[in-house]
Amino acid sequence: MDPVLVLDDEPVIRFVICEALRDAGFEAQDTASGQAALQWLAQGLRPAAVVVDLLMPGMSGREFLEMLRGDPRWFSIPVVVVTGAELSAEVYPAEGSYQQLVQKPFDLHELVRVVEGLVSISEA
Amino acid sequence: MMATSNEALLAVKLAGRVVIATGGAKSMRGLTSDELCGKPLTSFILDPAAVNEQHGFVSACIGDADGGAEHVEMTVASLDGLGADFKAFALRGARRGAQAGEPVQENQPRGFQALIQAVSEYAIFTLDAKGNISTWNAGAERIKGYSPSEIIGRPFAILYPPEARDEKLPERALETARREGRFVAVAERLRKDGTRFWASVVLTAVRSRSGSLRGFTEVTRDVTARHEAQREREELRRRFVQITAHEIRNPMAGVKGMLGLLRGRIEAGQPAPPPETLLAMMDGEVDRVADLVDRVLESYRVRDPAISFEILPHDLRDTVRTSVEPFVQGAVDRRFSVILGKDPAPVRGDFRRLGMVFQHLVANAVKYSSAGTRVGVRLDRDGELLRVVVTDEGIGIPAEDLPRVFQGFFRASNLKGRDPGGMGLGLQLCRSIVERHLGRIWIESQEGRGTRVHVALPRLEA
């Protein structure tokens, strides 16, 4: 099964999301940086879905999504944006570059259900 | 103040009390200006209806000093733009009273015009019924840049920016004033030189006794400074909400996530993560929120003169060394160069708070630079001052952002949605602390090249 890629600079949040996804039967892989995530993708990683934070040091979530959606190989990977930011034009990712947006602090099981829903659509 | 014997001007403010009275009032009423000022208008004008008149022409009875009464023509102008409840009453004795149908300016005594003409803080001008400018005071010339000869006779629409003219806003303003008596707005207006300013505008229709429209008066104030200050406050509030939301939601999401994970495992009868992992993580997240509250409070505390600093003589080299050491010894991948010199660096100051300044500056130097670059800290004597300079080779600060970096919750524009972490309060805190020590802090920076922060503090003379 393809893993769900969890991209957030907050270690605790990465930990709980990955653990909850594993509890639900997913495989999960996590990283704190957009650059590392893009490298994995370039090396052939095919995630079932991506869970991504917006405000991160280095590459922002929006910049990551621009790179992701700019490449036809990665175009159909479902994306859940998870953010604690008040959304402004500066941080808001482009429309259509993600499927769902979840505000922090989130209900962990709700987040897992969102990922399950998106993965089932993309597998169908 | 010019006034002929049968003309008087009264300016009324504050619940109908006279604040200015011209000499003509004496011959009409037998009271000097000093005697009239501060008195309610009703002690002079006997008709209550006339006193309550907002604008226009009315006749009224005024009482004289001997208990007699005289009939006068009054022009009442509402000068809302001058402040709340400010009205001018221009009176003309009925013996040589104006005929109905005279143009508006001629119905006003010269004293009134002299008063209006002299006001320089406000632009006060009149328009004819078609919206062409007919009088123009000193304030209008100062604020808008046109001399009376350049502007009288021209449509007042030329004071509007082009896009407002395209939207027919001048016509709509006149229409509103015509229909409702007045038009009030805060909007952009154009100066003669083409520059724009924010104006608080009150446009009032002036009608004759018969109700026909004679023209308009407009009072304009330049409120650019107030407007800018308000925009700045709104921007600060927006940034505060943006940053606190992010900084509080993240640790909360961590704790809530841990609890959710734990609950899920218990419900499924699965083993929970090791308690020490859970506790350490939740502890860390709660501490982050507590730290955040502390930082916000500290940034207000250091600006509060009622909060005392613990001012003691000490050597600034110790302060700098103590605050910089954790970075140098830590696992931070920067090439540190710390030069504090051999000479004593005596200061009087709050050791802990001055330490916070250098911690923040070095933390910033690390935060905004990449691995392997140089971070320098150097202390020198500069005459009667001690100067500490913290240098980095990081992303720098765009020139247009430099004036605002000492404001709270500020984020430089070259961060572009990237999260540098923290509240954006560090430099504001540094400046407050340095200024409480009678020192100065300033920044030089080149975008893409690096930043140099200078802190100068008075050297304690032996």
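The structure this text deals with has already been given above.
Owing to the predicted nature of the structure, the values given are computational and were not obtained by experimental measurement.

## Focus: the overall build of chain B
When you go through chain B residue by residue, the secondary structure sums to 13 helices and 17 strands. Counting across all 462 residues of chain B, residues that qualify as buried make up 47%. In chain B, 55% of the contacts between residues at least 6 apart in sequence involve partners at least 24 apart. Summed over all atoms, the accessible surface of chain B reaches about 22,600 Å², with 53% contributed by carbon and sulfur.

## Description of the overall build of chain A
When helices and strands are counted, chain A shows four helices and five strands. Starting at the N terminus, the α and β elements of chain A follow one another as β-α-β-α-β-α-β-β-α. Considering chain A as a whole, with its 124 residues, one finds that 56% of them fall into the buried category. Within chain A, contacts between residues at least 6 apart in sequence are counted, and of these 64% link residues at least 24 apart. For chain A, the exposed surface amounts to about 5,200 Å²; the carbon and sulfur share of it is 51%.

## Some details on the environment of His314(B)
Residue and element names in this part refer to chain B. Along the chain, the position of His314 falls in strand 11 (residues 311-315). Remark: the alpha-carbon pair of His314 and Ala345, spanning 31 residues in sequence, is separated by 8.1 Å. Apart from the residues lying within four places of it in its own chain, the contact partners of His314 are Thr319, Ala345, Pro346, Val347, Gly349, Asp350, Phe351 and Leu354. Side chain to side chain, His314 and Thr319 meet in a polar contact 3.2 Å long.

## Focus: a negative patch on the surface
Negative charge collects at one region of the surface, where Asp283(B), Asp287(B), Asp291(B) and Asp294(B) lie side by side. Its place among the elements puts Asp283(B) in helix 10 (residues 275-301).

## Structural notes on the sheet that holds strand 3 (residues 49-52) of chain A
Residues and elements named next belong to chain A. Overall, parallel pairing links the five strands, which are arranged 2-1-3-4-5 in an open sheet. The sheet is open, and its two edges are formed by strand 2 (28-31) and strand 5 (100-103), each paired on a single side. The average undirected angle you get between the axes of adjacent strands in this sheet is 20°. Across four bridges, strand 1 (residues 4-7) lies against strand 2 in parallel orientation.

## Quick look at the interface of chain A and chain B
Taken together, the 30 residues of chain A in the interface contact 27 residues of chain B. Where chain A abuts chain B, roughly 2,500 Å² becomes buried across the two surfaces, and 57% of that area is made up of carbon and sulfur atoms. Of all residues in chain A, the largest losses of buried area upon contact with chain B belong to Val12(A), Glu86(A) and Pro105(A), amounting jointly to 22% of the total for that side. Applying the counting rule to chain A against chain B returns three salt bridges. Here Glu19(A) and Arg265(B) are joined by a salt bridge, their closest N and O atoms 2.7 Å apart. At the junction of chain A with chain B, the criterion picks out seven residue pairs in polar contact (both at pLDDT 80 or more). For the side of chain A that touches chain B, the element with the highest residue contribution is helix 1 (residues 11-23) of chain A, accounting for seven residues. Of the residues in the side of chain A that touches chain B, the class split is 15 nonpolar, six polar and nine charged.

## Digging into the sheet that holds strand 8 (residues 182-190) of chain B
Residues and elements named next belong to chain B. The sheet built from five strands is open, its strands ordered 7-6-10-9-8 with antiparallel pairing. Edge strands, defined here as strands with exactly one partner in the open sheet, are strand 7 (133-136) and strand 8. Pairs of neighbouring strands in the sheet enclose a mean axial angle of 25°, with direction left out of account. Running at roughly 125° to strand 9 (residues 196-207), helix 9 (residues 224-268) makes contact with strand 8, strand 9 and strand 10 (213-222) of the sheet.

## Some details on the nonpolar core
It is characteristic of soluble globular proteins that their nonpolar side chains tend to be buried jointly. The biggest cluster of nonpolar side chains holds 39 residues, and the ones touching the most others in it are Leu316(B), Val320(B) and Leu361(B). Going through the elements one at a time, helix 11 (316-329), helix 12 (351-367), strand 14 (374-382), strand 15 (385-392), helix 13 (426-436), strand 16 (440-446) and strand 17 (450-458) of chain B are the ones with two or more residues in this core. Per element, the largest residue contribution to this core is eight residues, and it comes from helix 12 of chain B. For Leu316(B), the contacting residues outside a window of four places in its chain are Ala345(B), Val347(B), Leu354(B), Phe358(B), Leu379(B), Leu386(B), Val388(B) and Leu457(B). Of all hydrophobic cores here, the second largest spans 31 residues; its members include Val6(A), Ala49(A), Val51(A) and Val80(A).

## Thoughts on the packing of aromatic side chains
All names here are of chain B. By the definition in use, this model includes three aromatic pairs over all chains. Taking 5.0 Å as the distance between ring centres and 45° as the angle between the ring planes, the aromatic pair formed by Phe125 and Trp136 counts as tilted. Taken together, the residues Phe125 in strand 6 (residues 123-128) and Trp136 in strand 7 connect sequence positions eleven residues apart. Grouping residues by exposure puts Phe125 and Trp136 together as buried. For the pair Phe156 and Tyr160, a centre-to-centre distance of 5.5 Å together with 85° between the ring planes defines the contact as edge-to-face. A residue is classified by how much of its surface remains accessible, and Phe156, at 2% relative accessible area, is buried. Ring pairs connect the aromatic residues Phe125, Trp136 and Tyr146, which therefore count as one cluster. Taking the ring centre of Tyr160 as reference, the NZ or CZ of Arg189 above it sits at 3.7 Å. Here the guanidinium or amino end of Arg440 rests over the ring plane of Trp442, the centre of that ring lying 4.4 Å away.

## Quick notes on the pattern of salt bridges
Considering all chains together, one arrives at 31 salt bridges over all chains under this definition. Across the pair Asp30(A) and Arg14(A) runs a salt bridge, and its minimum N-O distance is 2.8 Å. Residue Asp30(A) is found in strand 2, and its partner Arg14(A) is found in helix 1; the two are separated by 16 residues along the sequence. Of the residues examined, Arg14(A) reaches a relative accessible area of 14% and is grouped as buried. Because the salt bridges share partners, they merge into one network encompassing Glu19(A), Arg22(A), Asp23(A) and Arg265(B).

## Here's the deal with the environment of Trp40(A)
Residues and elements named next belong to chain A. Along the chain, the position of Trp40 falls in helix 2 (residues 34-42). Judged by its relative accessible area of 26%, Trp40 falls in the partly exposed class. C-alpha separation for the pair Trp40 and Leu5, spaced 35 residues apart in sequence, amounts to 9.9 Å. Setting aside residues no more than four positions away along its own chain, Trp40 makes contact with Leu5, Gln29, Asp30, Thr31 and Leu45.

Quick notes on the rules
- Residues numbered from 1 in each chain as written.
- Chains lettered and ligands numbered in written order.
- Predicted model: local features only at pLDDT ≥ 70, side-chain atom pairs only at ≥ 80, totals over all residues.
- Heavy atoms only, no water.
- Helix = DSSP H or I, 4+ residues; strand = E, 2+ residues; numbered from the N terminus.
- Buried < 20%, exposed > 50% of the residue type's maximum accessible area, 1.4 Å probe, protein only.
- Contact = heavy atoms within 4.5 Å.
- Areas by Shrake-Rupley, 256 points an atom, 1.4 Å probe, with all protein chains shown as cover.
- Polar contact = N/O pair within 3.5 Å; in protein donor to acceptor, adjacent residues only side chain to side chain.
- Patch = residues over 30% accessible without salt bridge, like charges linked within 9 Å, V, L, I, M, F, W, Y side chains within 5 Å.
- Salt bridge = Lys/Arg side-chain N within 4 Å of Asp/Glu carboxyl O.
- Lys, Arg positive; Asp, Glu negative; His and termini not counted.
- Charge placed at Lys NZ, Arg CZ, Asp CG, Glu CD.
- Pairing = 2+ DSSP bridges.
- Axes fitted to C-alpha atoms, helices over the stretch in contact; angles between N-to-C directions.
- Buried area = accessible area lost by both parts, 1.4 Å probe.
- Nonpolar A, V, L, I, M, F, W, Y, C, P; charged D, E, K, R; others polar.
- Core = buried A, V, L, I, M, F, W, Y, C linked by side-chain atoms within 4.5 Å.
- Phe/Tyr/Trp six-rings, centres within 6.5 Å; stacked < 30°, edge-to-face > 60°.
- Lys NZ or Arg CZ within 6 Å of the ring centre and 35° of its normal.

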